Amino acid sequence: MQLVRHRLFWPLVALVALLVANTINTPSFMSVRVQDGHLFGALIDIMRNSAPLLLVALGMTLVIATRGIDLSVGAVVAISGAVALSFIGSSPNPEALSTVLVAVGIALALCFVLGVWNGFLVSVLGIQPIIATLVLMTAGRGIAMLITEGQITTITSPAYRVIGSGFWLGLPVSILIAGGIFALVAVLTRRTALGMLIEAVGINPEASRLAGVQSRSIVWTVYAMTGLFAGIAGLMISSNVMAADANNAGLFIELDAILAVVIGGTSLAGGKFSLGGTLIGAFIIQTLTLTVTILGISPSVTPLFKAIVVIAVVLMQAPVVRRTMASRRPQGPRPAAVESKPVEVAA
Amino acid sequence: MSADQLVRPGKTGVLGRVAGLAGGRGGLDRRFLPVVGTLVVFTLMLVGGGSRYENFLSGRVVSNLFINNSHLIVLAVGLTFVIITGGIDLSVGAVVALSGILGASLLQSGWPATVVIPLIIVVGSVLGLVVGVMIHVFDVQPFIATLAAMFLARGLSYVISLSSITITDPTIVWLSSTRIPLGETWSLTPSVIIALLVVAVGFYVLHHTRFGRTVYAIGGAEQSATLMGLPVARTKVLVYVISGTCAGIGGFLFAVGSRSGYSLTGVGMELDAIAAVVIGGTILTGGSGFVLGSVFGVLILGLIQTIITFEGTLSSWWTRIVIGALLLAFVILQRVLVVRRH
Amino acid sequence: MTTPSPAVEMTGISIEFPGVKALDGVNFRLFPGEVHSLMGENGAGKSTLIKALTGVYGIDSGRITVFGVPQTFTGPAQAQAAGISTVYQEVNLCENLSVAENIMLGHEPRTGGRIDWRRLRREASTYLAQLGLDIDPRSLLSSHSLAVQQLVAISRAMVVDAKVLILDEPTSSLDAGEVQQLFSVMRVLRAQGVAILFVSHFLDQIYAISDRLTVLRNGQLVGEYLVGELPRRQLVSKMIGQSLEVLEQLEDAPRRTTAARTGAQPVFQAIGLGRRGAIEPFDLDLFEGEVVGLAGLLGSGRTELARLLYGADHADAGELAVAGKQGRMRGPRAAMKQGIAFSSEHRKAEGIVGDLTVRENLMLALQADRGWARRIPARKADEVVSKYIAALGIRPANPDALVRNLSGGNQQKVLLGRWLATAPRLLILDEPTRGIDVGAKAEIQRLVASLASDGMAVVFISAELDEVLRLSHRIAVMRDRRKVAEIDNDDSTTLDDVVELIASGGTS
């Protein structure tokens, strides 16, 4: 009972069910084999494909916990790849490690600045997050095109390829990067007070303000982090294909990320967040995508399955459904038509 | 997503001061201020373009502005309803694709256009109804409900066909090729007429029916609207039905314009439509906005494209950047107005 | 004189919220052509009764009849259909629409489905004229003052031909002239036979306009009186009187320690501190080891005073001197740095962070003070948490319980613990004992007394006067958003003295 009530229970069930279904269909699905000292297999593929989404979703989790949302991450992904590849492509020495490092540095710095920009609009100017980030969502791909001058920039630098397709200690580098950042965020939010203060701001902004919490700087920080993480995801995606496609890199990743966060049990209304839930959510989305491919269905139909998952998840979270499912307890007065203030005896 | 669900940690600080400087009470109703901004931008662009390029202010260019954007005008009308109530609809682009590809495939298999055209519009309405019910009955945030509808519509269109289907039906071909000349250089197409009809109906409904006024009331203060005894629930569901229907019509017009249906059309079109509505002076937190403003919003987007084409040396991506910049300007303008109100 | 039949008769109304009986068998009558005031302190059940009558809440038991017809309302629309209109304290109109529209929304005159705007404006003007309001019906509602908006709301009530008009604190943000305007409208309506239910915290207004009073206390009916037969002093004591049970429980509760004021220099000193529309500029000195009680009715400005001291609202006049140094609190954070702590009267909305644990709530202020990067070490946090759970008797004594699942009294203790952990020099408590059980109440009172004797300066606000009287060394009397008097509370000061001061406004 305790287990069933854990908030990661249902997401985990969904993930396991997907994996089991795949294993029944393809018995070798779960096997991981070693080839040239590298790990291969469907599970590794799922993790590797999840890496950029996970990065974006991590930032999104924190933003959503503060009652915000960041629609611009897809555009930031595109900008990040565009900057890095354009720099490498136009440098006199595109194969050198130092060139790649500088390119990565510039790209990430710019993405961080974009995150700071979003945070400024939201926390200083007080613009609604959905609108504030819509600006960069709209303009961002144009900026990426401007950087690549409308071309799909391609490079061949082996050092850059490592980010998306390299292996280290037998594991894909992208998994290591995503895993490392996941651990970093977990430590940052749970070993410092950042996580608790983010939740406090998301749950009750006014109570937090009166308790002296600096909500402005906290909100600003999470948007900046989200920009940075989207930038890393952008490097990964562009390194995977060794090309910067300003139009299609990271297309709809903001929606997938929001989906991963919601599946992971973090409410869009803000407050309590679960990084583990987001991790599972990202895995579910990638497993779903892979399943569709394995089943021989055209991958383009994936949105349909996503729609079903979103609808199922939000309906499970719907107050109406929850109330019906919860045991009937003695009810207070029904707020007949208007939601009243919290049920405190008002004067 | 209603405004009060979103944190505004910044309070009024900086903008409050700006608003204070901007003070002074003009004779103009504050509701019209954003729209005035829209008209100013529109006029500046026309004048600027006209003085810079020859033939810019020709009937052909202006006619094409309407002809190329008729579908977007219809989408913007539907979205205006939704946004005035304080909601959002992300599904319109995907619905355009769905009704287009559905129509094309049905026509291909021999269905008569007289059945197909109403059907693909109703598909939009039904999706809108589903969204409305999710939002109202299940208390799902509009953002998520319409996101689900977007995935749903996009997925269904992929199921119907992955490749583009050309439409050869004579009715559609006629609709697509007819030009109605107005004077020397001006011309209209049936699509433009349909779009303008939708605008007229939208305007009438918003300004001359109780339903329309309830839409504004909900956007102004939903709780007050409920306490006033207005039919809030019904209205909230209906605005999504309207937006869905408009998306269906938009899909039809887009199919007419391209004489084909394709499951990949309309990717990101919802963003253009939202941008048009915001640039058209509708406030994203709800309660204020005009259908005609949204039409001008669409025309401004079209003008940006036209100017960039005329400029020749400017690349197409500047369109998106300029739209983003305009969006930012209007969002900040709106924020200043909201701060001033309090 | 023949007794007319009541417009509204509510019999044996009970409403229960989880854990609280908000209304307990209350009877209420409202006659046509009278202004009837509903009186009571916070938590007395006024709002709940009004919401039952307007269909916002369903009732658990009892009967409502309107003009002799039994009614079961399931929403505001039905109550309106039965002829009951309500004007709420926070004007429930749409600021984004014109005055005329706000009056006519939902009742717009139409020809063939199309709104007839000209007729709409004409009719709206007629209603406005009836109330003596000369404003352009086409103007935007938000361009008018709150007072005018209130009157527009009343005009709206006239459109639905209200036989019963409920005015829930319509005067709380009006100035004297505007109140007079409202009253003259009310008199006109009364003469037309409208039954008016009026709620206000201003005694002068009650006596100026009402014919009859009903007093509620703690969800129960105290009585129904004709205004002419109930002197102010008696009214006040009926509103704030203690039930016998509470008095017995509190018998052994601590009384203030005597002669506590140490040091001639006040730690904090409000000099002409004020905020327009909230509270007029006031002076207040706060000394170490002294409890200053704020006495006054709800809406008298006591909460506003407390919020200004803490910087929760920005003061637009005056200074708050800290240890003689002048300045003004630029916000909660600055106040906290100066050693001020503030526990709001709205425990749920402005106090606890419901979905966080007891432990996190206890640590919130302390942690906010340190910033997010420097997390309080687990061992230190454990110490603090277990210290305050034990010292305040927080139950359940489980630091990982979610605060929203605790009872009101324990939530209050968590809030107290949160602030005590910051070791403040000044503790401002706004209604810390409201809506909590008697045992917890006594514990909190005891705590306040001992904190003061340990040298903390305390500002204590409570609707219950004898509680203020028992704990305070000095009492500031508040009325109509002004500090009207300040008295030293020695053994000769009685409840009656304070009631007298509140009733007279300190002028007698």
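Summarised in this report is the structure supplied together with it. What you are looking at is a predicted structure, and each value in this text was computed from that prediction instead of being measured. Residue indices follow the written sequence of each chain, beginning from 1 at its first position. Note on labels: chains are lettered from A, ligands numbered from 1, in written order. With pLDDT at 70 or above as the cut-off, local features in this predicted model cover only qualifying residues; side-chain atom pairs require 80 or more to be listed or tallied, and sums for whole chains, interfaces and linings still use all residues. Hydrogens and water molecules were not included; the side-chain quantities draw on all heavy atoms of the structure.

Let us now look at the pattern of salt bridges. Any carboxyl oxygen of Asp or Glu within 4 Å of a side-chain nitrogen of Lys or Arg constitutes a salt bridge here. For the structure shown, the criterion picks out 28 salt bridges over all chains. Two residues, D256 of chain A and K306 of chain A, come together in a salt bridge whose shortest N-O distance is 2.9 Å. Taken together, the residues D256 of chain A in helix 12 (residues 253-263) and K306 of chain A in helix 14 (residues 302-317) connect sequence positions 50 residues apart. K306 of chain A carries the same exposure label as D256 of chain A, and that label is buried. Between E443 of chain C and K413 of chain C there is a salt bridge whose closest N-O contact spans 3.2 Å. Linking E443 of chain C in helix 16 (residues 438-453) with K413 of chain C in helix 15 (residues 408-420), this pair joins segments that are 30 residues apart in sequence. Judged by its relative accessible area of 29%, E443 of chain C is partly exposed. Each helix is a run of DSSP H or I of at least 4 residues and each strand a run of E of at least 2, with the numbering of both proceeding from the N terminus. Note on exposure labels: buried denotes an accessible area under 20% of the residue type's maximum, exposed denotes more than 50%, and partly exposed covers the range between, all computed with a 1.4 Å probe on protein chains only.

Attention now goes to the interface of chain B and chain A. Residue contacts are counted whenever heavy atoms from the two residues lie within 4.5 Å of one another. The interface of chain B with chain A comprises 50 residues on the first partner and 58 residues on the second. Buried area adds together the accessible area that both of two parts lose upon being put together, with accessible area traced by a 1.4 Å probe. At the boundary of chain B with chain A, total buried surface from both sides reaches about 4,800 Å², with 82% on carbon and sulfur atoms. At the surface where chain B touches chain A, the tally comes to 0 salt bridges. Elements represented by at least two residues in the side of chain B that touches chain A include exactly helix 1 (13-22), helix 6 (142-160), helix 10 (222-227), helix 12 (269-279) and helix 14 (318-341) of chain B. Element by element, the count of residues in the side of chain B that touches chain A is highest for helix 6 of chain B, at 12 residues. Each residue belonging to the side of chain B that touches chain A can be placed in one class, and the counts come to 35 nonpolar, 9 polar and 6 charged. Each residue gets one of three labels, nonpolar for Ala, Val, Leu, Ile, Met, Phe, Trp, Tyr, Cys and Pro, charged for Asp, Glu, Lys and Arg, and polar for the others, Gly among them.

Moving on, we get to helix 6 (residues 176-191) of chain C. Note that an α-helix has 3.6 residues per turn; residues three or four places apart therefore point the same way. Residues and elements named next belong to chain C. When the terminal C-alpha atoms of helix 6 are compared, their 23 Å separation across 16 residues agrees well with the 22 Å that a helix rising 1.5 Å per residue should span. Three or more residues of helix 6 are buried, namely E178, V179, L182, F183, V185, M186, L189 and R190. All buried residues of helix 6 fall inside an arc of 160° around its axis, so they share one side. The exposed residues of helix 6 that point more than 90 degrees off its buried face are A176 and A191. The length a helix should cover is 1.5 Å for every residue beyond the first. Directions from the helix axis toward the C-beta atoms define the arc.

A word on the packing of aromatic side chains. Pairing of aromatic side chains requires ring centres within 6.5 Å, counting the rings of Phe and Tyr and the six-membered ring of Trp. Pairs whose planes differ by under 30 degrees are stacked, by over 60 edge-to-face, and all others tilted. Going through the model one piece at a time under the given rule, you end up with 10 aromatic pairs over all chains. Taking the centre distance of 6.1 Å and the plane angle of 50° together, the rings of F120 of chain A and W220 of chain A count as tilted. Taken as a pair, F120 of chain A in helix 5 (residues 97-124) and W220 of chain A in helix 11 (residues 215-241) lie far apart in primary sequence, 100 residues in all. On the accessibility criterion, W220 of chain A (28% relative accessible area) is partly exposed. Ring centres of F183 of chain C and F198 of chain C lie 6.0 Å apart, and the angle between their planes is 80°; on these two criteria the pair is classed as edge-to-face. Residue F183 of chain C is located in helix 6, and its partner F198 of chain C is located in strand 10 (residues 195-199); the two are separated by 15 residues in the primary sequence. Here the aromatic residues Y53, F56 and F310 of chain B are joined through ring pairs into a cluster of three or more. Either the NZ atom of lysine or the CZ atom of arginine qualifies as a charge over a ring when it sits within 6 Å of the ring centre and within 35 degrees of the ring normal. Above the ring of F273 of chain A, the side-chain terminus of R190 of chain A is found at 4.4 Å from the ring centroid.

Okay, the packing of helix 4 (residues 92-108) of chain B against helix 6 of chain B next. Residue and element names in this part refer to chain B. Whenever a helix is involved, its axis is fitted only over the stretch in contact; in every case the axis is a line through C-alpha atoms, and angles between N-to-C directions fall within 0 to 180 degrees. Where helix 4 contacts helix 6, the two axes come as close as 8 Å, and the packing angle between them is 25°. Accordingly, the angle class assigned to the pair helix 4 and helix 6 is roughly parallel. The two elements helix 4 and helix 6 cross, and the hand of that crossing is left-handed. Mapping the contact onto sequence places G93, A94, V95, A97, L98, I101, L102 and S105 in helix 4 and M150, A153, R154, L156, S157 and I160 in helix 6. A per-class count over the contact of helix 4 with helix 6 returns 10 nonpolar, 3 polar and 1 charged. Throughout this description, any angle smaller than 35 degrees is read as roughly parallel, any larger than 145 degrees as roughly antiparallel, any in the 65 to 115 degree range as roughly perpendicular, and the remainder as oblique. Crossing handedness is read from the near helix: turned anticlockwise from the far helix by less than a right angle, it gives a left-handed crossing, and turned clockwise, a right-handed one.

On to the sheet that holds strand 17 (residues 340-343) of chain C. Residue and element names in this part refer to chain C. Taken in spatial order, the 6 strands line up as 17-18-19-15-20-21 in an open sheet, and their pairing is mixed. The open sheet terminates on both sides in strands that have one partner only, identified here as strand 17 and strand 21 (482-488). Between one strand and the next, the sheet's axes are offset by a mean angle of 15°, whatever the strand orientation. Here, any two strands with at least 2 DSSP bridges between them count as paired. Strand direction decides the pairing type here: strand 17 and strand 18 (residues 426-430), joined by 4 bridges, are parallel.

Before going further, it helps to examine the sheet that holds strand 13 (residues 268-275) of chain C. All names here are of chain C. Reading across the sheet, the 3 strands line up as 14-13-16 and stay open at both edges, with antiparallel pairing between neighbours. The open sheet has two edge strands, strand 14 (279-286) and strand 16 (317-322), and neither has a second partner. Between one strand and the next, the sheet's axes are offset by a mean angle of 10°, whatever the strand orientation. In the sheet, strand 13 pairs with strand 16 via 5 bridges, with the strands oriented antiparallel. Within strand 16, the residue paired with F268 across the bridge is V322. Across the face of the sheet, helix 10 (residues 302-310) comes into contact with strand 13, strand 14 and strand 16 while running at roughly 65° to strand 14.

As a further point, take empty space enclosed by the protein. Where empty space is left becomes clear once a probe the size of a water molecule has been rolled over the atoms. Cavity: a set of points on a 1 Å grid over the protein atoms alone where a 1.4 Å probe fits but cannot get out. Pocket: an open set with protein on both sides within 12 Å along at least five of seven lines, its lining residues, like those of a cavity, having an atom within 4 Å of a point. Grid points are joined across faces, edges and corners, and a volume is the space filled by probe spheres set on the points. Under the counting rule described, the total for this entry stands at 14 cavities of 30 Å³ or more. Its volume calculated, the largest cavity comes out at about 240 Å³. Forming the boundary of the largest cavity are 17 residues, of which L227 and M228 of chain B together with Q80, T86 and R156 of chain C lie nearest the centre. At the level of elements, helix 2 (76-81), strand 6 (84-87) and helix 5 (146-159) of chain C are the ones that each hand at least two residues to the lining of the largest cavity. The element that contributes the greatest number of residues to the lining of the largest cavity is strand 6 of chain C, accounting for 4 residues. Split into classes, the residues belonging to the lining of the largest cavity amount to 11 nonpolar, 5 polar and 1 charged.

With that out of the way, let us pick up the packing of helix 12 of chain A against helix 6 of chain B. Running from amino to carboxyl end, helix 12 of chain A crosses helix 6 of chain B at an angle of 120°, the nearest separation of the two axes being 12 Å. Here helix 6 of chain B runs oblique to helix 12 of chain A, going by the angle between their axes. Considering the relative orientation of helix 12 of chain A and helix 6 of chain B, their crossing is left-handed. Touching L255, D256, I258, L259 and V262 of chain A of helix 12 of chain A are F143, I144, L147, M150 and F151 of chain B, all from helix 6 of chain B. Of the residues contributing to the contact of helix 12 of chain A with helix 6 of chain B, the split by class is 9 nonpolar, no polar and 1 charged.

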